[in-house]
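Each chain is listed here by its residues.
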Amino acid sequence: MDVLALTGDGIGPEVMASALTVVGELDLGWNVDLRPDVNSSTWLETGSALPDDLIRDIQGGAYGAILFGAVGDPRAPEGVVERHILLRLRFVLDLGLNIRPLRLPRGVSSPLASGARIDAVVVRENTEGAYSGLGGLMRSGQPMETAVTVSVTTRFGVERALRHAVSLAERRSGRLTLVHKANVLQDEGGLWRRVAEEVASGIPGVTLSYQHADLAAMRLMLDPESYDVIVTDNLFGDLLTDLGAGLSGGIGLAPSANINPASGLALFEPVHGSAPDIAGRGVANPLAMIRCVGLAAEHVGQAGAAAVIEAATDAVAVDTDRRSTAEITDAVLAALSFDRQIV
Ligand code: IPM
Ligand code: MG
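Residues numbered from 1 in each chain as written. Chains lettered and ligands numbered in written order. Predicted model: local features only at pLDDT ≥ 70, side-chain atom pairs only at ≥ 80, totals over all residues. Heavy atoms only, no water.

Asker: Could you give me a rundown of the site of ligand 1, with the residues and numbers involved?
Answerer: Around ligand 1, a shell composed of Arg90, Arg100, Arg124, Tyr131, Asp238 and Glu269 is seen. Separating an oxygen atom of ligand 1 from a side-chain N or O atom of Asp238 is a distance of 2.9 Å. A distance of 3.4 Å separates an oxygen atom of ligand 1 from a polar atom in the side chain of Glu269. Contact with the protein chains hides 79% of the accessible area of ligand 1, taken as 320 Å² for the molecule alone. Judged by the proximity of its atoms to the pocket grid, ligand 1 belongs to the second largest pocket. Taken together, the residues that form the shell around ligand 1 break down as one nonpolar, no polar and five charged. (Near = heavy atom within 4 Å. Polar contact = N/O pair within 3.5 Å; in protein donor to acceptor, adjacent residues only side chain to side chain. Areas by Shrake-Rupley, 256 points an atom, 1.4 Å probe, with all protein chains shown as cover. 1 Å grid on protein atoms, 1.4 Å probe; cavity = no way out; pocket = protein on both sides within 12 Å on 5 of 7 lines; lining within 4 Å. Sits in = over half its atoms within 2 Å of the grid points. Nonpolar A, V, L, I, M, F, W, Y, C, P; charged D, E, K, R; others polar.)

What follows is the structure, given as structure tokens:
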């Protein structure tokens, strides 16, 4: 299988190098096409960084999976390269689901005084909401300067996210929580609520409940154990998954899968950003990127490899403080060979 590796900005290249060491170690049979140039530096030099022919190759099925490091560079205008690279990939490839597991590994302590554990999955709608890109700025620089961002919610997008969330809930505990803000965003929230009831009703073993996003943010902190599958819109999902990552061993551990359930196309990226403040220092935690390899392996049917990666990264997550990227990578490689011996 050919795999496209887009390293991106900041710590992206460092965590990608670590993850690709794991790919090599496990003999996954992946032929990695490494593209270090799809990043902000290229955009700053040429005004473009994601070539159309690369997008066409991806759409034509050239790659079984895409690994993505991180995007974001303080030298570029805020948000422009993010939209040019990552959001464009999500939109053009119609990666409508962003699946973000939130699981505190055993042995890693909770940041909560209660010590409460979390083992949940967020299904974040990934191509709509406030991320639509629709809107604009008028009377720029004038006293009456006005900015508009249009949030878009379609029955198609909502139903796609809900169908996936319901099937996940069926395979897990059956507890499905829809998070929105229907008391203010009545039209979009109302659509989510109606479609959720349609999709979840009559599915044996699945119990659907609804929470406003503000309450959900608080409850995620106070009672994380009450959640199993959370389904939500794009912006709420973005916020809740950083909060959730903080509860699950830190942002350095959290992977995500951007999936087009119709075509099977998928891009795997850590929840964390490009961390320009620590870039190039060899101290970035590569575990989230390594876990992305696990999610990708699972997605393409290599469940054994996925399980081994999960176990190895869990074991190493117990003690990553003050460890360098190289030390964490070596510890994962050691844990992998130990696991494979047992297998
Ligand atoms: C994420 C990131 C992105 C998002 C940024 C980099 C555009 O925060 O994947 O969660 O907002 O979706
Ligand atoms: Mg985010």
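Asker: I'd like a rundown of the packing of aromatic side chains, residues and numbers included.
Answerer: Within this structure, the stated rule accounts for zero aromatic pairs. Directly above the aromatic system of Tyr131 lies the positively charged group of Arg124, at a separation of 5.1 Å from the ring centroid. (Phe/Tyr/Trp six-rings, centres within 6.5 Å; stacked < 30°, edge-to-face > 60°. Lys NZ or Arg CZ within 6 Å of the ring centre and 35° of its normal.)

Asker: How would you sum up helix H8 (residues 234-247)? Please name residues and give values.
Answerer: Because an α-helix packs 3.6 residues into every turn, residues spaced three or four apart end up facing the same way. Taking 1.5 Å as the rise per residue, H8 with 14 residues should run 20 Å; its terminal C-alpha atoms sit 20 Å apart, in good agreement. Listed in full, the buried residues belonging to H8 are Asn234, Phe236, Gly237, Leu240, Thr241, Gly244, Ala245 and Leu247. What you see down the axis of H8 is that its buried residues fit within an arc of 155 degrees, all on one side. Capping of H8 at its N-terminal end is provided by Asp233; its side-chain oxygen lies 3.3 Å from the backbone amide nitrogen of Leu235. At the exit of H8 stands Gly249, carrying a positive phi of roughly 100 degrees. (Helix = DSSP H or I, 4+ residues; strand = E, 2+ residues; numbered from the N terminus. Expected span 1.5 Å × (residues − 1). Buried < 20%, exposed > 50% of the residue type's maximum accessible area, 1.4 Å probe, protein only. Arc of directions from axis to C-beta.)

Asker: Any chance you could break down unusual backbone geometry for me, citing the residues and the numbers?
Answerer: The phi angle at Asp27 is positive, at roughly 50 degrees, despite the residue not being glycine. Structurally, Asp27 can be placed in the loop between helix H1 (12-25) and strand E2 (31-35). For Asp27, a relative accessible area of 62% corresponds to the exposed category. Even without being glycine, Asp94 reaches a positive phi, approximately 55 degrees. Summarising the element assignment, Asp94 is placed in the loop between helix H4 (80-92) and strand E4 (97-103).

Asker: Tell me about the nonpolar core, and please be specific about residues and values.
Answerer: By size, the foremost hydrophobic cluster in this structure holds 80 residues, and its most contacted members are Trp30, Leu67, Val123, Val231, Phe268, Val332 and Leu336. For this core, the element with the most residues is helix H9 (residues 287-299), which contributes eight residues. Excluding anything up to four places from it in sequence, Val123 contacts Leu97, Asn98, Ile99, Ala161, His164, Ala165, Leu168, Val229, Ile230, Val231 and Thr232. Among the nonpolar cores identified, the runner-up in size contains 22 residues, and Trp43, Val71, Val81 and Leu267 belong to it. (Core = buried A, V, L, I, M, F, W, Y, C linked by side-chain atoms within 4.5 Å. Contact = heavy atoms within 4.5 Å.)

Asker: Go over the layout of surface pockets, please, and point to the residues and values.
Answerer: As a volume, the largest pocket reaches approximately 770 Å³. Residue lining of the largest pocket: 27 residues in total, with Ile99, Pro101, Val121, Leu295 and Glu298 positioned closest to the centre. Elements represented by at least two residues in the lining of the largest pocket include exactly E4, strand E5 (119-125), helix H5 (155-171), strand E11 (255-259), H9 and helix H10 (303-317). If one sorts the elements of the lining of the largest pocket by residue count, H9 sits on top with five residues. (Points joined across faces, edges and corners; volume = space filled by probe spheres on them.)

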